[in-house]
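# Observations on chain architecture
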Amino acid sequence: MVPGSDGGTPLTDLFGSVKELGPLNSNTTKIGVIHNDVPPTLGLTNPNAQVDLRQAWLNTAKDSSGDDWIYFAWERDSNSGSGFIAYEFMKNAAPTACAFGPTQDDTALIANCNPWANRSGPDATQTPPAPGDFMILWDQQGGSRDLYLRVWSGTAPNLTLGAPQLLDANVSAAAYSADGFRGEAAINITDAIYGGVSRCLAFANIIPSTVTGNSDTADYKDTILTSGRTLSNCTTTTTTTPRDAAGAAIPATGVSITTAGVVQVKDSALIALTGGSANPGGTIDFTLCRANDSAGNPSATPPVAATATCDTINPVSVLVGNDVVVSDPDGAYPVTVTSPSAWVTAAGRYCWKAEYTGVSSAGIGGSSDVSTGECFKINPVTPLLTTDAGNNVTLGTAITDTASLTGTAPEPTSTVIHTSASVGPRIPAGGSITFTLFGPSTGSCGSQVTAATQSVPVTGDNTSYGPASFTPTSAGDYHWKASYNGDSPNTAGTSHNATCGETGEDVTVSTVPSSLVSDQTWVPSDSVTVSASAGGPLAGTVSFEFFTNGTCAGSSAFSTTKSVAGASSQTVLSGNAPAQTATGSFSWRVSYTSTNPAQRSIAASCHETSALTVTNGGTISSS
């Protein structure tokens, strides 16, 4: 069957009794010089059926040895007559004025378009230099299957069409359909044109045609003019790996935002070529975006997945590397290109996006990588929270706790992603530290003392937050806890002594023991009752003398005189003598001096004695 299943998408053309665009017949539109013709190059023609093409096919394939083949096929409006079928392969696209298609403006095309104007010669920038544009001509006289190759040399506009080269069966093949309306052919472009070098095919303008012969002065009879029909066999893949400042791949677990609150990151793109060989070229753009979904957010609108990339969610996106040149000292693919650095100031999920332009002149298509493999995590820091409880106290005295918070990271900048290490001023981590108190208890936290809960604001690292203070109403062992709520996204929360196992956070509130020391004191005193049976009212004085011995010897320790007056009898009191605290013997000497002549006085006598034993009990203490 001609064409076969490998014919590809057909290129259709007007045929029959219909005028269609084609080259004018003049000295400047011969196949050897038409590229230099100044429009009008085209006109409306009606080719004879034997040279009128109905449609054409184009495709490429690679054989088992890796050689590239170009396949082409055609269908004519008649199966009689003979002539030449020509296929021209040009690296450059036709001029923009050649806008062919269903809605084409024939008048404008006639006035402005020369589809061959961008013919080109060899490309010396490739290694080895690539041949120029070429034509494949099929001489159909007598049912021939001979295929000829003609290659352009020189530099435009001074191009020369090389002599026809008959292609043998090793590099070409041709066949007709049984009814003679169709034909197909294939050539090994790797061997026939590129000298055995596997190159990328890059043809941006391909014109199937019928011509009057194989000479430079042959005329075009019919052409299939289309826009956008290209032929290429090379593809590229771009695979990228996020890297840290040192160039190491960022692990799946991510990297830390660090206490500086900034991380330097890069992207590494490996560009590989499939289908041929060529010098690396083109440019690549590196974009870094903040996917902002490190944990995902199913409740968001729309929901945010933990696999978001730059293409699916892009709240912050920065072009880090624009038109980074792709080159390789060895002049071959694959080639690795490293992006400029970016400096990130917020923890979260980030994704690189690498877009490679390819090398259109060498038939190398572009490629990109926006996969999840381009994504990485920047983790918040977890600061160190330690506390220092105050000393043990006696009940009624306040207990205290002080916190030290170190290892925080500053808050993100508003820009988040920077292309310079200078990211500007930073705001220290905020949040608060909450002190809670539990107890009294032993062996566990016990109940929370809610009245003791206190919070203090945080402003970055500080070794002395607080102190929290509370005065318990019960004795026992108390336990302080502290927790920091963090400052998202850069600083995570943390806690200290969550299980009350830190002895440094224990405070004992105690009562002190009481002691009693008793000392007896004896306070001596005396009384005298005076009476007289007659003589009227009593009048006079009573004298008291107290001695610290039992015989009234020596000087008295105390003496006093009390008046007596009134009817008999009268009792008078000595009052208190000096207090006595030690064991001993004591005596009183008393007398009465009457001033009533009718009543006699009473002389002094050692009238009273006593003995005292003092036994004190010492100190008594509370339990």
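Refer to the preceding data block for the structure.
About the cut-offs
Residues numbered from 1 in each chain as written. Predicted model: local features only at pLDDT ≥ 70, side-chain atom pairs only at ≥ 80, totals over all residues. Heavy atoms only, no water. Pairing = 2+ DSSP bridges. Helix = DSSP H or I, 4+ residues; strand = E, 2+ residues; numbered from the N terminus. Axes fitted to C-alpha atoms, helices over the stretch in contact; angles between N-to-C directions. Polar contact = N/O pair within 3.5 Å; in protein donor to acceptor, adjacent residues only side chain to side chain. Core = buried A, V, L, I, M, F, W, Y, C linked by side-chain atoms within 4.5 Å. Buried < 20%, exposed > 50% of the residue type's maximum accessible area, 1.4 Å probe, protein only. Contact = heavy atoms within 4.5 Å.

## A look at the sheet that holds strand E40 (residues 558-566)
Strand order in the open sheet formed by 4 strands is E40-E39-E42-E43, with antiparallel pairing between adjacent strands. The two strands at the open ends of the sheet, each matched to only one other strand, are E40 and strand E43 (602-612). Along the sheet, successive strands turn relative to each other by an average axial angle of 20°, direction set aside. By the bridge criterion, 8 bridges tie strand E39 (residues 538-547) to strand E42 (residues 584-594) in an arrangement that is antiparallel. Bridged to Thr541 within E42 is Thr593.

## Digging into the side chain of Ser587
Tracing the sequence through the fold places Ser587 in strand E42. Among the polar contacts made by the side chain of Ser587, one reaches the main-chain amide nitrogen of Cys552 at a distance of 3.0 Å.

## A look at the nonpolar core
In this structure, Val265, Ile284, Leu288, Tyr333, Tyr350, Ile364 and Ile378 are the most contacted members of the largest nonpolar core, which totals 38 residues. Sorting the residues of this core by element identifies strand E19 (263-274), strand E20 (283-290), strand E21 (316-325), strand E22 (335-338), strand E23 (342-344), strand E24 (348-356) and strand E26 (375-379) as the ones contributing at least two each. Per-element accounting of this core gives the leading share, 5 residues, to E19. Excluding residues within four positions of it along the chain, Val265 makes contact with Arg243, Ile250, Leu288, Pro340, Ser341, Ala342, Val344, Trp352 and Phe376. Core analysis: the next-biggest nonpolar cluster, separate from the first, contains 30 residues, Phe134, Ala185, Ile187 and Leu231 among them.

## A look at the pairing of strand E11 (residues 172-176)
Two faces belong to every sheet, and in a regular strand the side chains alternate between them. Here E11 runs beside strand E12 (residues 182-188); their pairing, made up of 5 bridges, is antiparallel. Residue pairing for E12: Ala174 is matched across the bridge by Ala185. Linkage of E11 to E12, two consecutive antiparallel strands, is achieved through a turn of 5 residues, within which Gly180 is found at a positive phi near 85°.

## Thoughts on unusual backbone geometry
Of the consecutive residues Ser488 and Pro489, the connecting peptide bond is found in the cis state with omega at 5°. With respect to the helices and strands, Pro489 occurs in the loop between strand E34 (476-484) and strand E35 (494-496). That bond from Ser568 to Ser569 is cis: its omega, 0°, falls within 30 degrees of zero. Inspection of the secondary structure puts Ser569 in the loop between E40 and strand E41 (570-573). A positive phi angle is found at Thr258, which is not glycine, with a value near 65°. Checked against the element boundaries, Thr258 lands in the loop between strand E18 (255-256) and E19. Looking at Thr258, the relative accessible area reads 31%, which means it is partly exposed. With a phi close to 60°, Cys500 is a non-glycine residue in the positive phi region.

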